[in-house]
Amino acid sequence: MKYLSNSSENSATPVLRIPKDTQVSETLFYQDATHQALTIVLEPNSSANIIDETVAGEKSVRSIHVQKGAKLHYTHIQRCGEDVTFVEEQMAEVDQDAIFQTVHIGLGARQMTSNIHTKLMQPGAQAKILGVFFGHNHQVFEAHTIQDHEAPNTQSDLLFKSALKDESQSHYEGVIRIPRQAQKSDAFQTNRNLLLSEKAKAKSIPKLEIIADDVRCKHAAAMGTLNAEELFYLQSRGLDGAQAERMVVEGFFEEVLSQIPSDEVRQRLVKNVHERLLEGKLG
Amino acid sequence: MPKTKQSEALKDIGQNYDEKYGFRKPESYTFKSQRGLSEEVVRNISGMKKEPQWMLDFRLKALDIFFKKPMPTWGDTDLLNGIDFKNIYYYIRPGEKQSTDWNDVPKDIKDTFDKLGIPQAERKFLAGVTAQYESEVVYHSLQKEVEKQGVIFLDMDSGLREHPEIVKKYFGKIIPSMDNKFAALNSAVWSGGSFIYVPKGVHVTIPLQAYFRINAENMGQFERTLIIADEGSSIHYIEGCTAPSYSSDSLHSAVVELIAEKNAKIRYTTIQNWSKNVYNLVTKRAIAKEAATVEWIDGNLGSKLTMKYPAVYLMGERAHGEVLSIAFSGKDQHQDAGAKMVHAASNTTSVVTSKSISKDGGRSTYRGLLKVEKGAKNVKATVRCDALLLDEESRSDTYPTMEAHENKIDLGHEASVSKVGDEQLFYLTSRGISEQEAMMMIVNGFIEPFTKELPLEYAVELNRLIQLEMEGSVG
């Protein structure tokens, strides 16, 4: 793969480096089970779309640096076998006027733990942090997020969604931290959980720690089952109960999946979701 | 408005607390236990009160738990670990006997009430006023019609003496001594507080009120309140407190247990304005049975550190719980408050509304729990937290926890943090209103959902307190 190098002399971690002022128009796909760690660097004013997919292994460690004026759309897809415990560690630093979007898709593994830490280092840095998890059987998805606003005039927007079938579980805990120096920052954090079975469980702890006063900061969390009115509406249009339910769940994921910059990958994920919805029964 | 100008306008707000609100009377106590805590102190307290054996056993067991339990490892641990348990009086008894008539209330205590600005006429009008002065209730009256309805409204010590069967049935059942370190402490050394029983179908139309005060240096206040609203009854209890300021730290650790039986309704209103050296570590919990409603209306203005999370356990179908709270944190204050709603039955609903204001480096924390237990279906619950930061020295934290073990539910949580908008200030000042007045209007508007739930005299008192906090050197 172009831009990928097996790094420096003293580190085994491969580096994916987009040189200064380089706009990579084609989507870069990274799929490598031999290395657990990867460093991604977008040099100033470069841009790229990277899709990083893990289908085997136990761990992915990502260190991301989006430098001044650069733009990165990064997607991490986890589709491992359901016999593994998977840990995802991501640390991202976003510099001045840089734009970072990170999307996290969790479908596989018996237990997945995601630690997503995003630091807005300099004024004008922006980050959009998105995640969807679709659990079935006894899967457990645990996500910990940190949005650190280190500088004034920074923005972060987080949306994590989980839909839970069977006896699956979601545990979300996230924090927005705005210290004194990060005035005029905007920060948002939303966690939504769709409980599709009586035995599914969800826990959500969205936290705010705010010291700067001139900020706009909001968070929201919600838990519930399929909306009866939405289902009724769809059924009144001729869909049967099961179809209506599937459509509502697919719509629930659409908000995040639509942000993935590859049609092919997006369609494949929609298909994965659809197949999982066809297993067994909802409700 | 330029930032500097705004912070200048805010600078003096909340200052001069001592002159404006701190006052004290010389101590005149008949019995003052030793500083520090030991089995002997607990035995003494129980003996002085001529309590039954089961209560002494309860206290001693709780004392044991208190010694064994570690300090909480969450919250403001720096401040918590600053409490010197050895340097606190655990029991003081003012005057020998309980007053039954206003005329018998000692003069210096009346003076204190005068300073609080409670008009004479109002005092007489208020249904039952239990004035907690030091560790025991000194004044207690109950309006005749309330008494005639069969309502029991006593201080906790008298409650234990006169109605031991009811007390034994409920005491420590909602909040067991094991619950937390401070509940254990209260269980060991409790004194005073209110005991209320409202019989079946009785509606107490006038709020029952109690004033709490601390008036001795290093003195702990460990009230114990138990309110039982029997089937189909309703009651509104109001607890308000202001305290003189002292140089060293005071500890206030109350336990409040509420039981709302089938179709009953309890509203519990608190305005807490301890002086800014008081640790206010309170455990409040209610049980709401079938179709019962429990509302906590909770205002936190004073104290150095408050940790208080009023809880409602919704145990019966169609029960409803509500917490409406405001917190005001000024210089050197940390209000760590919140709410807990535990839905353990189907078709239960709850609403939590929390407002906080931080200024002069004050810190406000919302910490809450919303939980749906297995088997509780069709639960609806919302939590709404809004925080206002008045300067860049202050801090706001939000730590909500939401947990669901059922899927036929609808839970929502929303929170926001912001400052007073420049546009809002500009609009008001362009209408000829001074900056401080404008600021106060905005703050008053922000907490209005809370004030409008208070009885008139309390709303007036609260407005006066906020004004004192916000006013600073003006006037």
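Residues numbered from 1 in each chain as written. Chains lettered and ligands numbered in written order. Predicted model: local features only at pLDDT ≥ 70, side-chain atom pairs only at ≥ 80, totals over all residues. Heavy atoms only, no water.

A.B. asks: How should the overall build of chain B be read in this particular structure?
C.D. replies: Of regular secondary structure, chain B possesses 15 helices and 23 strands. The 475 residues of chain B split such that 64% are buried. Of all intrachain contacts in chain B linking residues separated by at least 6 positions in sequence, the fraction that spans at least 24 positions is 85%. Of the roughly 17800 Å² of accessible surface on chain B, 51% is carried by carbon and sulfur atoms. (Helix = DSSP H or I, 4+ residues; strand = E, 2+ residues; numbered from the N terminus. Buried < 20%, exposed > 50% of the residue type's maximum accessible area, 1.4 Å probe, protein only. Contact = heavy atoms within 4.5 Å. Areas by Shrake-Rupley, 256 points an atom, 1.4 Å probe, with all protein chains shown as cover.)

A.B. asks: Even after reading the chapter, I still don't get the state of the cysteines, so can you show me in this structure?
C.D. replies: In a disulfide, the sulfur atoms of two cysteines are covalently bonded to one another. One pass over the full model with this rule turns up zero disulfides over all chains. Cys217(A) supplies the cysteine sulfur nearest to Cys385(B), a cysteine that is in no disulfide, at a spacing of 12 Å. The exposure class assigned to Cys385(B) is buried, which follows from its relative accessible area of 4%. (Disulfide = S-S within 2.5 Å.)

A.B. asks: Looking at this structure, how should I read the pattern of salt bridges?
C.D. replies: Side chains bearing opposite charge may pair, as long as their charged atoms lie close to each other. With the rule as written, the count across this model stands at 45 salt bridges over all chains. For the salt bridge of Glu393(B) with Arg180(A), the shortest nitrogen-to-oxygen distance reads 3.8 Å. With Glu393(B) in the loop between strand 21 (379-389) and strand 22 (395-404) and Arg180(A) in the loop between strand 14 (169-178) and strand 15 (186-195), the pair connects residues from two separate chains. Arg180(A) gets classed as partly exposed once you look at its relative accessible area, which sits at 40%. Residues Arg267(B) and Glu295(B) are paired through a salt bridge, measuring 2.7 Å at the closest nitrogen-oxygen approach. Highlighted residues: Arg267(B) in strand 12 (residues 265-273) and Glu295(B) in strand 14 (residues 293-300), separated in sequence by 28 residues. Glu295(B) shares its class with Arg267(B); the two are buried. Salt bridges sharing partners connect three or more residues here, namely Glu53(A), Arg79(A), Glu264(A) and Arg268(A). (Salt bridge = Lys/Arg side-chain N within 4 Å of Asp/Glu carboxyl O.)

A.B. asks: Hey, could you run me through the pairing of strand 5 (residues 47-54) of chain A in this one?
C.D. replies: For a regular strand, side chains alternate in direction, first toward one face of the sheet and then toward the other. All names here are of chain A. Of all the eight residues making up strand 5, eight are buried; the element is thus mostly covered by neighbouring parts of the structure. Of the two faces of strand 5, the one carrying Ser47, Asn49, Ile51 and Glu53 and the one carrying Ala48, Ile50, Asp52 and Thr54 are both buried. Two elements, strand 3 (residues 28-30) and strand 5, share three bridges in a ladder whose sense is parallel. If you follow Tyr30 over to strand 5, its bridge partner there is Asp52. Both strand 5 and strand 7 (residues 71-78) contribute to a ladder of eight bridges, which runs parallel. The residue bridging Asp52 from the neighbouring strand is His76, located in strand 7. (Pairing = 2+ DSSP bridges.)

A.B. asks: In this structure, what is going on with the packing of aromatic side chains? I would like to understand it.
C.D. replies: Remark: the centre distance and the inter-plane angle together describe each pair of aromatic rings, the angle taken between the planes. A complete count under the given rule lists 16 aromatic pairs over all chains for this structure. Judged by centre distance (5.2 Å) and plane angle (75°), the ring pair of Phe66(B) and Phe85(B) falls under edge-to-face. Placement of Phe66(B) in helix 4 (residues 53-68) and of Phe85(B) in the loop between helix 5 (77-80) and strand 2 (92-94) is noted, with a sequence separation of 19 residues between them. Taken together, the aromatic side chains of Phe133(A), Phe141(A), Phe160(A) and Tyr172(A) make up a single cluster linked through ring pairs. The aromatic ring of Phe252(A) is capped on one face by Lys161(A), whose charged end is 4.3 Å from the ring centroid. (Phe/Tyr/Trp six-rings, centres within 6.5 Å; stacked < 30°, edge-to-face > 60°. Lys NZ or Arg CZ within 6 Å of the ring centre and 35° of its normal.)

A.B. asks: Just to check I follow, could you spell out the environment of Lys59(A) for this structure?
C.D. replies: With respect to the helices and strands, the residue Lys59(A) is situated in strand 6 (residues 59-66). Setting aside anything within four residues of it in sequence, one finds Lys59(A) in contact with Gln36(A), Phe86(A), Val87(A) and Glu89(A).

A.B. asks: Just checking my understanding: could you explain the environment of Asp263(A) for this structure?
C.D. replies: Tracing the chain through its elements places Asp263(A) in helix 3 (residues 263-278). Side chain to side chain, Asp263(A) and Arg266(A) meet in a polar contact 2.3 Å long. (Polar contact = N/O pair within 3.5 Å; in protein donor to acceptor, adjacent residues only side chain to side chain.)

A.B. asks: What is the right way to look at unusual backbone geometry in this model?
C.D. replies: Working note: non-glycine residues mostly have negative phi, and peptide bonds are mostly trans. Phi at Ala109(A) takes a positive value of approximately 75°, unusual for a residue other than glycine. With respect to the element layout, Ala109(A) can be found in the loop between strand 9 (99-106) and strand 10 (111-120). Phi is positive for Asn378(B), which is not a glycine, with a value near 55°. Structurally, the position occupied by Asn378(B) is in the loop between strand 20 (363-372) and strand 21.

A.B. asks: Explain the confidence of the model for chain B to me, please; I cannot follow it from the model alone.
C.D. replies: All names here are of chain B. On average, residues of chain B score 81 in pLDDT, and 75% of them reach the 70 mark or higher. Within chain B, the lowest mean pLDDT, 42, falls on helix 7 (residues 120-125), and the highest, 98, falls on strand 16 (residues 311-314). Across residues 95-100 the pLDDT falls below 50, and counting only partners more than four positions away or on other chains, this stretch makes 16 contacts in the model. The model gives residues 243-247 a pLDDT under 50, and that stretch makes 28 contacts with residues more than four places away or in other chains. If you check the scores for this complex, the pTM reads 0.84 and the ipTM reads 0.85. (pLDDT = per-residue confidence, 0-100.)

A.B. asks: Explain helix 2 (residues 241-257) of chain A here, please?
C.D. replies: All names here are of chain A. In a regular helix each residue adds 1.5 Å, so 17 residues correspond to 24 Å; helix 2 covers 24 Å between its end C-alpha atoms and thus fits that length. Among the residues making up helix 2, those that are buried are Ala244, Glu245, Arg246, Val248, Val249, Phe252, Phe253, Val256 and Leu257. If you follow the buried residues of helix 2, they end up packed against strand 9, strand 11 (126-135), strand 13 (155-164), strand 15, helix 1 (228-236) and helix 3. N-cap assignment for helix 2: the residue whose side-chain oxygen lies 3.1 Å from the backbone N of Ala242 is Asp240. (Expected span 1.5 Å × (residues − 1).)

A.B. asks: Help me out: how do you make sense of the interface of chain A and chain B in this one?
C.D. replies: For an interface, size is often stated in terms of accessible area lost upon the parts coming together. If you look at the interface, chain A gives 34 residues, while chain B gives 34 residues. Between chain A and chain B, roughly 2700 Å² of surface is buried when both sides are summed, and carbon and sulfur atoms account for 49% of that area. Ranking the residues of chain A by area buried against chain B places Glu198(A), Asp213(A) and Met223(A) at the top, with a combined share of 23%. Between Lys377(B) and Glu198(A) there is a salt bridge; the shortest N-O distance is 3.8 Å. Scanning the region where chain A abuts chain B turns up 16 residue pairs in polar contact (both at pLDDT 80 or more). At the level of elements, strand 16 (201-210) and strand 17 (216-224) of chain A are the ones that each hand at least two residues to the side of chain A that touches chain B. A total of 10 residues in the side of chain A that touches chain B trace back to one element, the largest contributor, which is strand 16 of chain A. Classifying every residue of the side of chain A that touches chain B gives 16 nonpolar, seven polar and 11 charged. (Buried area = accessible area lost by both parts, 1.4 Å probe. Nonpolar A, V, L, I, M, F, W, Y, C, P; charged D, E, K, R; others polar.)

A.B. asks: Help me out: how do you make sense of the pairing of strand 7 of chain A in this one?
C.D. replies: All names here are of chain A. Of all eight residues in strand 7, seven are buried; the element is thus mostly enclosed. Note: strand 7 against strand 9, eight bridges, orientation parallel. For Thr75, the partnering residue across the bridge sits in strand 9 and is Val103.

A.B. asks: Would you mind showing me how to read helix 11 (residues 181-189) of chain B here?
C.D. replies: Residue pairs three or four apart in sequence face the same way in an α-helix, which turns once every 3.6 residues. All names here are of chain B. With respect to burial, helix 11 is a largely interior element, nine of its nine residues being buried. Looking at helix 11, one finds that the buried residues are Lys181, Phe182, Ala183, Ala184, Leu185, Asn186, Ser187, Ala188 and Val189. Capping the start of helix 11, Asn180 holds a side-chain oxygen 2.9 Å from the backbone nitrogen of Phe182, two or three residues further along.

A.B. asks: Is there a simple way to think about the side chain of Gln139(A) in this case?
C.D. replies: Residues and elements named next belong to chain A. By the element assignment, Gln139 lies in the loop between strand 11 and strand 12 (140-149). A polar contact of 2.8 Å, which involves the side chain of Gln139, links it to the backbone oxygen of Ala109. Polar contacts involving the side chain of Gln139 include one to the side chain of Arg276, which spans 3.1 Å. Non-local contacts of Gln139, meaning those with residues more than four positions away in its chain, are made with Glu82, Leu107, Gly108, Ala109, Arg110, Phe134, Ser168, Gln169 and Arg276.

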